[in-house]
Amino acid sequence: QELSAAELERTFIAIKPDGVQRGLIAEIIARFERKGYKLVAIKLVHPTKDFAEKHYDDLKARPFFNGLTDFLSSGPVVAMVWEGQGVIKYGRKMIGATAPLASEPGTIRGDFAIAVGRNIIHGSDGPETAKDEIALWFKPEELLTYKKETDKWLY
Ligand code: RTP
């Protein structure tokens, strides 16, 4: 069956270097997968400092910008694009509040993180940033469109 535009909503999700080092890749992917979202792109990348600065461009005036971009470029990151109805907003809900001590148990940061500078995961905060971040991290041909058997049971 045809998927509607809402079902084709996409967001950029990254498992930051701390999430990779702590062995949380499978745990995080599993949560998005079991929710019913569809993985449409994935790669392991070690971002350069310059690339990290591009990713966090909107935060360049913040005092933590240098530490944040040093951290993002400190090791491999799992870059992903997830697709599905409401995935941008609901993905943020699954991730939890920016400061892990403020994020609810049951969220990724609530369950696995303590410090704001080591909060494991990034997710786009709106449709515009999702579009920009997907374009920054992925070439168009790296994004796959495919049917899953489960699509019809979800929608
Ligand atoms: P993200 O972009 O990584 O998903 O995080 P977010 O939207 O929840 O938070 P944002 O305000 O965009 O901040 C981006 C990342 O910067 C780090 N941060 N450090 N030291 C600090 O006070 C501080 N504040 C923010 C966090 O890693 C946050 O995820």
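What you see is a predicted model; the values in this text were computed from it and never measured.

S.K.: In this structure, what is going on with the UniProt feature "active site" (unreviewed entry) in the protein? I would like to understand it.
M.R.: As annotated in UniProt, the feature "active site" (unreviewed entry) corresponds to His122 in the numbering used here. Not counting chain neighbours up to four residues away, the residues in contact with His122 comprise Phe12, Ile13, Ala14, Lys16, His55, Tyr56, Ile95, Arg109 and Glu133.

S.K.: Any chance you could explain the pairing of strand S1 (residues 10–15) here in plain terms?
M.R.: For a regular strand, the rule is simple: side chains alternate between the two faces of the sheet. Most of S1 is tucked away, with 5 of its 6 residues classed as buried. Where S1 and strand S3 (residues 77–83) come together, 6 bridges link them in antiparallel fashion. Along S3, the bridge assignment pairs Arg10 with Glu83.

S.K.: What am I meant to see in the site of the ligand here?
M.R.: If you check the shell around the ligand, you find Lys16, Tyr56, Leu59, Phe64, Leu68, Arg92, Thr98, Arg109, Val116, Asn119, His122 and Gly123 and nothing else. Within the side chain of Lys16, an N or O atom sits 3.0 Å from an oxygen atom of the ligand. With respect to the ligand, the side chain of Arg92 contributes an N or O atom lying 2.9 Å from an oxygen atom. Across the complex, the protein chains shield 76% of the 550 Å² of accessible surface that the ligand would expose by itself. A breakdown of the residues in the shell around the ligand according to their chemical character gives 5 nonpolar, 4 polar and 3 charged.

S.K.: Could you clarify how one ought to interpret the environment of Ile134 in this entry?
M.R.: With respect to the element layout, Ile134 can be found in helix H7 (residues 127–137). Remark: the alpha-carbon pair of Ile134 and Arg10, spanning 124 residues in sequence, is separated by 8.6 Å. In this structure, Ile134 is in contact with Arg10, Thr11, Phe12, Val81 and Leu143, ignoring residues within four places of it in sequence.

S.K.: Just checking my understanding: could you explain the sheet that holds S1 for this structure?
M.R.: The strands making up a sheet associate through backbone hydrogen bonding, with each pair oriented either parallel or antiparallel. Strand order across the open sheet formed by 4 strands is S2-S3-S1-S4, with antiparallel pairing between neighbours. Looking at strand neighbours, the two that pair on one side only are strand S2 (38–45) and strand S4 (121–123), the edges of this open sheet. Each adjacent strand pair in this sheet contributes to an overall mean axis angle of 15 degrees, direction not counted. Seen against the sheet, helix H2 (residues 25–35) touches S1, S2, S3 and S4 and runs at an angle of roughly 5 degrees to S3. Sheet strands in contact with H7 are S1, S2, S3 and S4, and its direction is about 60 degrees off that of S1.

S.K.: For this particular structure, what's the right way to read the UniProt feature "domain: Nucleoside diphosphate kinase-like" (unreviewed entry) in the protein?
M.R.: When the UniProt feature table is mapped onto this chain, "domain: Nucleoside diphosphate kinase-like" (unreviewed entry) is found at residues 8–145. Annotation note: span residues 8–145, helix share 41%, strand share 17%, distance between end C-alpha atoms 9 Å.

What counts and what doesn't
Residues numbered from 1 in each chain as written. Predicted model: local features only at pLDDT ≥ 70, side-chain atom pairs only at ≥ 80, totals over all residues. Heavy atoms only, no water. UniProt positions renumbered as here; feature names shortened; annotations may be inferred. Contact = heavy atoms within 4.5 Å. Buried < 20%, exposed > 50% of the residue type's maximum accessible area, 1.4 Å probe, protein only. Helix = DSSP H or I, 4+ residues; strand = E, 2+ residues; numbered from the N terminus. Pairing = 2+ DSSP bridges. Near = heavy atom within 4 Å. Polar contact = N/O pair within 3.5 Å; in protein donor to acceptor, adjacent residues only side chain to side chain. Areas by Shrake-Rupley, 256 points an atom, 1.4 Å probe, with all protein chains shown as cover. Nonpolar A, V, L, I, M, F, W, Y, C, P; charged D, E, K, R; others polar. Axes fitted to C-alpha atoms, helices over the stretch in contact; angles between N-to-C directions.

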